[in-house]
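# Per-entry structural report
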Amino acid sequence: QVQLVESGGGLVQAGGSLRLSCAASGRTFSNYAMGWFRQAPGKEREFVAGITWNGGRTYYADSVKGRFTISRDNTKNTVTLQMNSLKPEDTAVYYCAAEYYGYGSANEHSYRYWGQGTQVTVSS
């Protein structure tokens, strides 16, 4: 079992930045690739970014490429999503997820554990 707790969400103006963090506990963190997903009201959950177990490779949705950066620290069991140049369409609940021996897939069904989510609201 892996427990994931997100933090860092909030309200920000368009063009601003936020830094989301996800703290993991339980099983060996380095056994898991990690991903960030988001779900806006009335929409399906979508992939945002993924990272391999050692941080060697990262993946991004086209909509956030060049603006968001995913990183991880296996010594602290954390994964971070730095979000810059935020847009109103980035408004959503953001979730981190753990993929057992994965690579940071865009397929949410690959992920075994999920956090409870943190709200990000970007005002225009």
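Everything discussed here concerns the structure shown above.
To start, this report covers the structure provided alongside it.

Thresholds applied
- Residues numbered from 1 in each chain as written.
- Predicted model: local features only at pLDDT ≥ 70, side-chain atom pairs only at ≥ 80, totals over all residues.
- Heavy atoms only, no water.
- Helix = DSSP H or I, 4+ residues; strand = E, 2+ residues; numbered from the N terminus.
- Rg over C-alpha atoms; globule rule 2.2 N^0.38 Å.
- Buried < 20%, exposed > 50% of the residue type's maximum accessible area, 1.4 Å probe, protein only.
- Areas by Shrake-Rupley, 256 points an atom, 1.4 Å probe, with all protein chains shown as cover.
- Lys, Arg positive; Asp, Glu negative; His and termini not counted.
- Charge placed at Lys NZ, Arg CZ, Asp CG, Glu CD.
- Polar contact = N/O pair within 3.5 Å; in protein donor to acceptor, adjacent residues only side chain to side chain.
- Contact = heavy atoms within 4.5 Å.
- Salt bridge = Lys/Arg side-chain N within 4 Å of Asp/Glu carboxyl O.
- Core = buried A, V, L, I, M, F, W, Y, C linked by side-chain atoms within 4.5 Å.
- Phe/Tyr/Trp six-rings, centres within 6.5 Å; stacked < 30°, edge-to-face > 60°.
- Lys NZ or Arg CZ within 6 Å of the ring centre and 35° of its normal.

We now examine the overall build of the protein. Helix and strand counts for the protein come out as zero helices and eleven strands. Beginning at the N terminus, the succession of helices and strands in the protein can be written as β-β-β-β-β-β-β-β-β-β-β. In terms of C-alpha radius of gyration, the protein reaches 13 Å, essentially the compact-globule figure of 14 Å for 124 residues. Principal axes of the C-alpha set define a box for the protein whose edges measure 40 × 25 × 25 Å. The proportion of buried residues among the 124 residues of the protein is 42%. For the protein, the exposed surface amounts to about 6300 Å²; the carbon and sulfur share of it is 45%. Distance between charge centres in the protein, computed from 12 positive and 9 negative side chains, equals 6 Å.

Let us look at the side chain of Glu99. Residue position: Glu99 is located in strand β9 (residues 92-100). Side-chain polar atoms of Glu99 contact the backbone nitrogen of Tyr103, separated by 3.1 Å. Glu99 has contacts with Asn31, Tyr32, Ala33, Gly104, Ser105, Ser110 and Tyr111, leaving out every residue within four places of it along the chain.

Under the defined criterion, the tally for this structure stands at five salt bridges. Of the charged contacts, one joins Glu46 and Arg38 as a salt bridge, the two residues approaching to 2.6 Å between their closest N and O atoms. Looking at Arg38, the relative accessible area reads 5%, which means it is buried. Residues joined by salt bridges that share partners form a network here, namely Arg38, Glu46, Arg67 and Asp90.

Bringing the nonpolar core into the picture now. Among soluble globular proteins, nonpolar side chains are generally buried collectively. With 34 residues, the main nonpolar core has Leu4, Met34, Trp36, Leu81, Met83 and Tyr94 as its most contacted residues. If you list the elements that add at least two residues to this core, you get β1 (2-7), β3 (18-26), β4 (32-39), β5 (46-51), β7 (68-73), β8 (78-83), β9 and β11 (118-123). Looking at which element gives the most residues to this core, the answer is β9, with five residues. If near-sequence neighbours (up to four positions away) are discounted, Leu4 is found in contact with Cys22, Ala23, Ala24, Met34, Cys96, Ala97, Ala98, Tyr113, Trp114, Gly115 and Gln116.

Here we take up the packing of aromatic side chains. Applying the stated criterion across every chain, the model contains eight aromatic pairs. Between Tyr32 and Tyr100 the ring centres are 5.2 Å apart and the planes differ by 50°, which places this aromatic pair in the tilted class. Residue Tyr32 is located in strand β4, and its partner Tyr100 is located in strand β9; the two are separated by 68 residues in the primary sequence. Ring plane angle 55° and centroid distance 5.0 Å describe the contact between Phe37 and Trp114, whose orientation is recorded as tilted. Placement of Phe37 in strand β4 and of Trp114 in strand β10 (residues 113-114) is noted, with a sequence separation of 77 residues between them. With relative accessibility at 25%, the residue Trp114 sits in the partly exposed group. The cationic tip of Arg45 hangs over the ring face of Trp114; the distance from NZ or CZ to the ring centre is 3.8 Å.

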